[in-house]
Amino acid sequence: MLGGNDMVLEISALAENVAFVRAAVGAFAARLDPTIEELSDIKTAVSEAVTNAAVHAYRDREVGSVWVRARVLQDGQLVIEIEDLGCGIADVEQARAAFFTTGPAEERSGMGFVVMESFMDDVQVHSAPDRGTLVRMTRKIAP
Amino acid sequence: MRIGHTVSDGILFLRLQGELDQHMAAIIRKKMAGYLMSQSVREIRLDLFELTFMDSSGIGLLIHWYKAVLQRGGSVRLCNVQPCVARILRMSGLQQIVEIGEVGRVC
C-alpha cells in the first residue's frame, strides 16, 4: 500500500495495544484537519476494529499481529484497513448484526460493527474461517 | 485510566478518568465486581467529566452494571458526560435504560 501518503503499523493483537493504535491513527488523520467530532468518530471506529482482532482473532491460537494501514486519498478521503490472520468469521452478515457476539455476554456489547458503520461512511468486511479478517473503512473529511 | 470510588447509603459513586476501552473495562469490571455482588449497592452513579474516550466496551460495561443493579430495583446514572462520549451512548440507545446527564449536570 505504501507509495502515496500512507502509514502501516504492525502490532500484537492485544487489548492493551488498542489505545496506542487509535492514538497513532488519530495523529495520522490530524493532517486532514478534522473536527474534534470527526477525529473522535475515526478513533472510535479504529478502536472497535482492533478490539475485535484482540478479542476474537487469535482466541483459539497463539496471539498474532494486527496490521493497521491508513491512506489519505486525493479527494480528502481517509481509508483505514485493519487486518489479522486469525480464525476469521464464518458468517460476516451475522457478525455485523447488532448485539451479536461470540464473546462472554457479560463483557461484550456486540455493538462493534454497528459503531464502525455508524461512525464511518463505508465499512467492508472480508473474512473466511482460518483466513483472517480484513476490515476496510473510509471516511470523508470535509476540507 | 484512573478510577475513584466511594460507597454511601447503597450508592456506588465512580469517577472515571482517561479512556475507557476493552482493556480498561476489563480492569474496572474486576475491580468493582465485589461491590456489584454486594446486595447493599442499589445505585451506581458515574461522573464522566474526565473521561475523554469510550468505545463499545464501555457500553458493554454499563449494560453489565445496569443488569446487576436492576435485579435489586436499582439504577445507573451518568453525569458530566462529554460530547464525544455522549455520541456513542446515544448511538447505542443506552439513554433508554441509563440516565445521562451532560457536562454541568452533577450526580
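Residues numbered from 1 in each chain as written. Chains lettered and ligands numbered in written order. Predicted model: local features only at pLDDT ≥ 70, side-chain atom pairs only at ≥ 80, totals over all residues. Heavy atoms only, no water.

A. Representation of the environment of Gln77(A). All names here are of chain A. Mapped onto the elements, Gln77 comes out in strand S3 (residues 77-84). By relative accessible area, Gln77 is classed as partly exposed at 21%. Sequence spacing of Gln77 and Pro143 is 66 residues, and the spatial spacing of their C-alpha atoms is 10.0 Å. Ignoring anything within four residues of it in the chain, the contact list for Gln77 reads Arg71, Val72, Thr138, Arg139 and Lys140. (Helix = DSSP H or I, 4+ residues; strand = E, 2+ residues; numbered from the N terminus. Buried < 20%, exposed > 50% of the residue type's maximum accessible area, 1.4 Å probe, protein only. Contact = heavy atoms within 4.5 Å.)

B. Here's a closer look at the interface of chain A and chain B. Residue-level contacts link 24 residues of chain A with 18 residues of chain B. Between chain A and chain B, a total of about 1800 Å² is buried, with carbon and sulfur atoms accounting for 54% of that surface. Linking chain A with chain B are four salt bridges, by the criterion used here. Asp21(B) is the salt-bridge partner of Arg22(A), the closest N and O atoms lying 2.9 Å from each other. Sorting the residues of the side of chain A that touches chain B by element identifies helix H1 (18-29), helix H2 (36-57) and helix H4 (112-119) of chain A as the ones contributing at least two each. With nine residues, the top contributor of residues to the side of chain A that touches chain B is H2(A). Its residues placed into classes, the side of chain A that touches chain B shows eight nonpolar, seven polar and nine charged. (Buried area = accessible area lost by both parts, 1.4 Å probe. Salt bridge = Lys/Arg side-chain N within 4 Å of Asp/Glu carboxyl O. Nonpolar A, V, L, I, M, F, W, Y, C, P; charged D, E, K, R; others polar.)

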